[in-house]
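Residues per chain are reported as follows:
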Amino acid sequence: MTFPVLPVISSPADKAEIEKFSVVGKILLPVDSFKISKHFINQFPHSIDVDVDASQSDINVDQAVELLNHGIKKLLIKESQVEDFIESAGLPSYRFIVRTSTSPTDKLLATKAAFAVDSEISQDTYKQLSSSGNREIYYIGSSITQDLANKLAALGIVPIIESSNLSTKASESGKISISSLFTSTLTTDRPDGLFTTLITTPAPAYTALGVVYSSIDSIHAAIAEGEGVYQSRKRRDELWYKGKTSGATQKLIKLEKDCDSDLIKFIVEPREGYGFCHLDNNFTCFHDGELVTKDESYGSGLAKLDNTLVQRFNNAPEGSYTKRLFNDESLLTAKLKEELDELIEAESKEEVSWEAADLFYFAMVMCIKKGVRLADIERNLDIKSGKVTRRKGDAKPAYLKKEEPAAPAPKPEPINPEYKMETIVLNEKTDPKLVEKALTRPVQRTSDIMKLVLPIIEKVQKEGNKALIELTEKFDGVKLNDPVLKAPFPKELMEISDDMKEAIDISISNIEKFHAAQLPKEKITTIETSPGVYCSRFAKPIENVGLYVPGGTAVLPSTAMMLGVPAKVAGCSNIVIASPPARATGKLTPEVVYVAHKLGASSIVMAGGAQAVTAMAYGTESIVKCDKILGPGNQFVTAAKMYVQNDTQALCSIDMPAGPSEVLVIADNDADADFVASDLLSQAEHGIDSQVILIGVNLTDAKLKEFELAVRKQAEVLPRKEIVAKCLQHSYSLLVDSYDEAFKLSNSYAPEHLILQIKDAKSYVPDYIQNAGSVFVGGLSPESCGDYSSGTNHTLPTYGYARQYSGVNTGTFQKFITSQNVTEEGLKSIGKAVMTLAAVEGLEAHRNAVQVRMEKLGLL
Ligand SMILES: NC(=O)c1ccc[n+]([C@@H]2O[C@H](COP(=O)([O-])OP(=O)(O)OC[C@H]3O[C@@H](n4cnc5c(N)ncnc54)[C@H](O)[C@@H]3O)[C@@H](O)[C@H]2O)c1
Ligand SMILES: N[C@H](CO)Cc1c[nH]c[nH+]1
Ligand SMILES: [Zn+2]
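Residues numbered from 1 in each chain as written. Chains lettered and ligands numbered in written order. Predicted model: local features only at pLDDT ≥ 70, side-chain atom pairs only at ≥ 80, totals over all residues.

Asker: Explain the overall build of the chain to me, please; I cannot follow it from the model alone.
Answerer: When you go through the chain residue by residue, the secondary structure sums to 29 helices and 31 strands. Per-residue burial over the chain gives 38% buried out of 860 residues. Pairs at least 24 apart in sequence give 63% of the contacts found in the chain among residues at least 6 apart. (Helix = DSSP H or I, 4+ residues; strand = E, 2+ residues; numbered from the N terminus. Buried ≥ 20, exposed ≤ 12 C-beta atoms within 10 Å, placed from the backbone. Contact = placed C-beta atoms within 7 Å.)

Below is the structure:
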């Protein structure tokens, strides 16, 4: 039964305050002082329910749904919101506490909502409120005294009180004692006036430890100390501070009482290593004369498994299977997948329960390894089971005309229908783990991807074109006779409109200008380092380059330009392009062929993914082996590129890891919400593994809402809105209060694209930028200009590799060779230094190479 007080905690970050009142089992937080995110509830002790007071603000139905779906138990709302939330949207009334005047309407009384009355009420009104349902009644009036609180509590009304006005002590001047409130509601018919008290452990086991007795004094002491304190029946003047001498103390987690207030439940965490029972130090009094240790007290099932696995994790015998699983991530992953498949295939009841048990076991091993306990999982299950859905604006059934045709079956709920990015406010109280999680890209582990990619690489190495034909059929759904198209390319494969030609021509011209400007000014650069010592450097193009042009969820002829133009500017003699044929037509995109033709490519490999990269890196019977592979792609492409650059057999380098697109936008209150939203969405639409980040500087609530609304409005009408919705699911808005902090975060994230939509954006470039692929300065520089036509390159480092890699540029297609010319004067300048250093390294031949020359010249 409810503890007779609901403490109001002004800040959810005030952990000490929350811990202090955890014995109550419930707290009320104000809605406006923080943002409630998906994992909000998980930061509170598991024993606490969190209600939110939204009665002072104007939250809408969507926000109410979001709060309830994020694990908020009940929402305190004003009476005027009832119609919208409960009647029209159909949200469950038992999840609301309605702040009300003294006489709620009959309609309201017909719901299961609780009531919070905001002025003192007569006993009659109280009866009227409580009689129409077994509901909780709260009192929310101001200037409450201990007397009034006790009086209300005795009537079964729960006062809502600021935690700063509450005390855990039996009496503290000017404060209301929660233990007095609790004890004022208790009754007992025992002749000794004591209360029978059951002691249990917390979730998930709730093991009953034993039955003892409490007095008013022992309850006061227990709450004040936060410990298990009981009443000795033999010595009535003595309180029993459990474990005071033995060390077997108990941390008091929560206090409950039964329906008629004469039985108390203490939920306690016993100190490690001690039992409760006076016999043989048994963990619990409920034993059959056998020794029950804490580990055995978990009984059976998942709680027992959880405990056993933690013991094993901390102390598993070497060579045990569980130990092996903890240590071998790939074995554990493989077993999980295997058990999942077996469960899917199982049919009979016996098989299903057998396989499900296996799956739970491996899933729990994974969780324990990652520091997650069963209680954490159960907490999440509870949050999910409390999810609500709103009525979709349909008329209530009673108002629907009988003859109306039945509504079509509702479509499955879209993922992230609100196109929401989770918001995190950064201040000194923000958990750094939240920020770290927000700035973590949704990539699959390299080892997992490698497992898929390695067999592909081996197959193409062994079987050449035959493998390409098979894999293109398997992954791209196109059966080819020959996977290689040689130049000159047939005209009919590159028929495109004049507008398209013009767009390509403008873009190529700008890309060419920007990349030509990157060529060294002179054919050879020479400087005299010491008198008579001339050191030079000159660039030479890499001869054979393989350019990967993505073609999975979208064909990207622009990438053919971004790679092909600098290759041509650098003077590469052989350009090979690879791109998968379109599933729908079975052909290459004509724009890609047109660009390949314009740039003088020698062939096009009609394949995608790891197979295309392998074919270019090692060569096949009709594909020339390339010296360098360049270009962006999905995780298969990137993994294959990483593999070939490490294989000395391939003798092949790569440009950089250029994976799923990403953008980080820094915006302030000056930014145009439509511009900000459009840039976020233009990268979100690339793929579900893309990530977009908004860093808001000093944003007002209204501005943030404007951004969110603009994202939603634009996203809803995009043809790739489903991809966008999934991408936004792991994309975040981070709110900071200075430009310095914004750039600090951005530099640590090292985004592929950085967009500055802030006042005086230009003044921050280049000084504030340490890590980024490409920067877009000011509201009128959309990211898509850089994707296509402005001239900068769009093949850029992702995954945070902007810390050490540049985007593709002319130098990416060149290598730089050095040369030197040492004269007699030069030998005089450095000869002795060389001989001294060679001597210390013990490399006599090195020393001699200088000595013979200097001797012949008479310099020694
Ligand atoms: N960083 C950059 O500079 C940059 C530039 C442009 C595009 N991009 C990114 O490139 C990516 C392109 O990805 P995409 O998937 O659309 O095209 P893609 O061409 O990179 O990959 C498609 C290929 O992946 C292979 N594949 C698909 N499923 C497979 C599986 N299960 N096993 C093995 N291989 C499989 C197929 O062969 C298919 O042809 C996007 O993430 C986009 O954001 C990045
Ligand atoms: N934004 C991508 C790089 O991350 C490139 C691209 C090509 N077409 C459209 N966009
Ligand atoms: Zn793009």
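More follows now that the structure is in view.
Asker: Help me out: how do you make sense of the sheet that holds strand 18 (residues 484–486) in this one?
Answerer: Adjacent strands of a sheet form backbone hydrogen bonds with each other and so pair up, either parallel or antiparallel. With mixed pairing, the 6 strands of this open sheet are ordered in space as 18-23-22-21-24-25. Only two strands of the sheet have a single partner each, and these edge strands are strand 18 and strand 25 (653–654). On the sheet, helix 19 (residues 557–570) packs against strand 21 (544–548), strand 22 (574–578) and strand 24 (628–630) and is oriented at approximately 165° with respect to strand 21. (Pairing = 2+ DSSP bridges. Axes fitted to C-alpha atoms, helices over the stretch in contact; angles between N-to-C directions.)

Asker: Whenever I open this one, the site of ligand 2 confuses me. Can you help?
Answerer: Around ligand 2, the surrounding shell consists of L556, S558, T559, S661, E752, D787 and H794. A class-by-class count of the residues in the shell around ligand 2 yields 1 nonpolar, 4 polar and 2 charged. Formed jointly, the shell around ligand 2 draws a minimum of three residues from each of two domains, domain 4 (446–492 + 532–654) and domain 5 (662–802). (Near = placed C-beta within 6 Å. Nonpolar A, V, L, I, M, F, W, Y, C, P; charged D, E, K, R; others polar. Domains from an automatic or database assignment.)

Asker: Can you walk me through the site of ligand 1 in this structure?
Answerer: As a structural note, the neighbourhood of ligand 1 is formed by 30 residues, with G552, G608, G609, P632 and G633 the closest of them. Its residues placed into classes, the shell around ligand 1 shows 12 nonpolar, 16 polar and 2 charged. Lining the shell around ligand 1 are residues from two domains, each supplying at least three of them: domain 4 (446–492 + 532–654) and domain 5 (662–802).

Asker: What is the right way to look at unusual backbone geometry in this model?
Answerer: It is generally the case that most residues other than glycine have a negative phi and that most peptide bonds are trans. Note that the residue after A203, namely P204, is joined by a cis bond; omega there is 5°. With respect to the helices, strands and loops of the structure, P204 is situated in the loop between strand 11 (195–200) and strand 12 (208–214). Cis rather than trans, the peptide bond between V765 and P766 has omega equal to 5°. Notably, Y206 is not glycine yet its phi reads approximately 45°, a positive angle. With respect to the element layout, Y206 can be found in the loop between strand 11 and strand 12. Residues other than glycine seldom take positive phi values, yet Y419 does so here, at roughly 55°. By the element assignment, Y419 lies in the loop between helix 14 (374–385) and strand 17 (422–425).

Asker: Can you walk me through the pairing of strand 19 (residues 524–530) in this structure?
Answerer: Looking along a regular strand, one sees the side chains alternate between the two faces of the sheet. Strand direction decides the pairing type here: strand 19 and strand 20 (residues 533–541), joined by 6 bridges, are antiparallel. Within strand 20, the residue paired with E528 across the bridge is Y534. Two successive antiparallel strands, strand 19 and strand 20, enclose a turn made up of 2 residues, where G532 displays a positive phi of approximately 80°.

Asker: Would you mind going over helix 13 (residues 349–369) with me for this structure?
Answerer: For helix 13, which comprises 21 residues, the first-to-last C-alpha distance of 30 Å matches the rise-based estimate of 30 Å (1.5 Å per residue) to within 8%. Within helix 13, burial applies to F362, M364, V365 and I368. Within helix 13, the buried residues cover an arc of 155° as seen down the axis, which keeps them to one side. In this structure, the buried residues of helix 13 make contact with helix 10 (301–315), helix 11 (321–327) and helix 12 (329–345). Of the residues flanking the end of helix 13, it is G371, one or two places downstream, whose phi is positive at about 80°. (Expected span 1.5 Å × (residues − 1). Arc of directions from axis to C-beta.)

Asker: Whenever I open this one, the nonpolar core confuses me. Can you help?
Answerer: Generally speaking, soluble globular proteins have nonpolar side chains that are buried together. Ranked by internal contacts, the top residues of the largest apolar core, which has 80 residues, are L75, F115 and Y138. Both domains that furnish three or more residues to this core are identified here as domain 1 (6–184) and domain 2 (195–297). Listed in part, the 69 residues of the second largest apolar core include L485, V569, I604 and A650. (Core = buried A, V, L, I, M, F, W, Y, C linked by C-beta atoms within 7 Å.)

Asker: Quick question: what am I supposed to make of the pairing of strand 11 here?
Answerer: Side chains F195, T197 and I199 project from strand 11 onto a buried face, and the interleaved T196, L198 and T200 project onto a face without burial. Two elements, strand 11 and strand 12, share 6 bridges in a ladder whose sense is antiparallel. Within the sheet, the bridge partner assigned to F195 lies in strand 12 and is S214. Note that strand 11 and strand 16 (residues 263–270) share 5 bridges and pair parallel. Note that in strand 16 the partner of I199 across the bridge is F266.

Asker: In this structure, what is going on with the packing of helix 18 (residues 498–516) against helix 19? I would like to understand it.
Answerer: When two helices pack together, their arrangement is given by the angle between the helix axes and by the axis-to-axis distance. Contact geometry for helix 18 and helix 19: axes closest at 9 Å, N-to-C directions at 50°. Considered as vectors, helix 18 and helix 19 are oriented oblique to each other. In this structure, the crossing between helix 18 and helix 19 has a hand that is right-handed. Together, I504, S507, I508, I511, E512, H515 and A516 of helix 18 and M561, M562, V565, P566 and V569 of helix 19 make up the contact between the two elements. Partitioning the contact of helix 18 with helix 19 into residue classes produces 9 nonpolar, 2 polar and 1 charged. (Parallel < 35°, antiparallel > 145°, perpendicular 65-115°, else oblique. Left-handed = near helix turned anticlockwise from the far one by under 90°.)

Asker: Before we go on, may I ask you to explain the confidence of the model for the chain in this structure?
Answerer: For residues with low pLDDT, the predicted coordinates do not support detailed interpretation. Of the residues in the chain, 96% reach a pLDDT of 70 or more, and the chain-wide mean stands at 90. A low-confidence stretch, residues 399–404 (pLDDT under 50), is modelled with 1 contact involving residues beyond four sequence positions or located in other chains. Scoring of the predicted complex yields 0.58 for pTM and 0.97 for ipTM. (pLDDT = per-residue confidence, 0-100.)

Asker: Would you take a moment to explain the sheet that holds strand 19 for this structure?
Answerer: In space, the 3 strands of this open sheet follow the order 19-20-31, with antiparallel pairing throughout. At either end of the open sheet lies a strand with only one pairing partner, and these are strand 19 and strand 31 (814–822). The sheet shows a mean angle of 25° between the axes of neighbouring strands, taken without regard to direction.

Asker: What exactly am I supposed to notice about the packing of helix 16 (residues 446–463) against helix 17 (residues 465–476) here?
Answerer: Their axes nearest at 6 Å, the elements helix 16 and helix 17 cross at an angle of 140°. Classified by the interaxial angle, the pair formed by helix 16 and helix 17 is oblique. Between helix 16 and helix 17, the contacting residues are I456, K459, V460 and E463 on the first element and K466, A467, L468 and L471 on the second. Within the contact of helix 16 with helix 17, the residues separate by chemical class into 5 nonpolar, no polar and 3 charged.

Asker: Explanation requested: the environment of Y788 in the structure shown.
Answerer: Residue position: Y788 is located in helix 27 (residues 783–788). As a C-alpha pair, Y788 and A503 span 285 residues in sequence and 9.1 Å in three-dimensional space.

Asker: How should I be thinking about the environment of I72 in this particular structure?
Answerer: Tracing the backbone through its elements, the reader meets I72 in the loop between helix 2 (61–69) and strand 4 (75–78). When the C-alpha positions of I72 and F40 are compared, they lie 9.1 Å apart, and in sequence the two are 32 residues distant. Other than its neighbours up to four places away in sequence, I72 contacts I36, V50, D51, V52 and L67.

Asker: Can you help me understand the environment of G289 in this one?
Answerer: For G289, the location among the structural elements is in the loop between strand 16 and helix 9 (294–297). Sequence separation between G289 and L279 is 10 residues, and the spatial gap between their C-alpha atoms is 8.7 Å.

Asker: How should I be thinking about helix 8 (residues 216–225) in this particular structure?
Answerer: Looking at helix 8, one finds that the buried residues are S218, I219, H220, A221, A222 and I223. Residues of helix 8 that are buried make contact with helix 7 (178–184), strand 12, strand 13 (229–231), strand 14 (239–241) and strand 15 (250–257). Looking one or two residues beyond helix 8, the residue adopting positive phi is G226, at roughly 70°.

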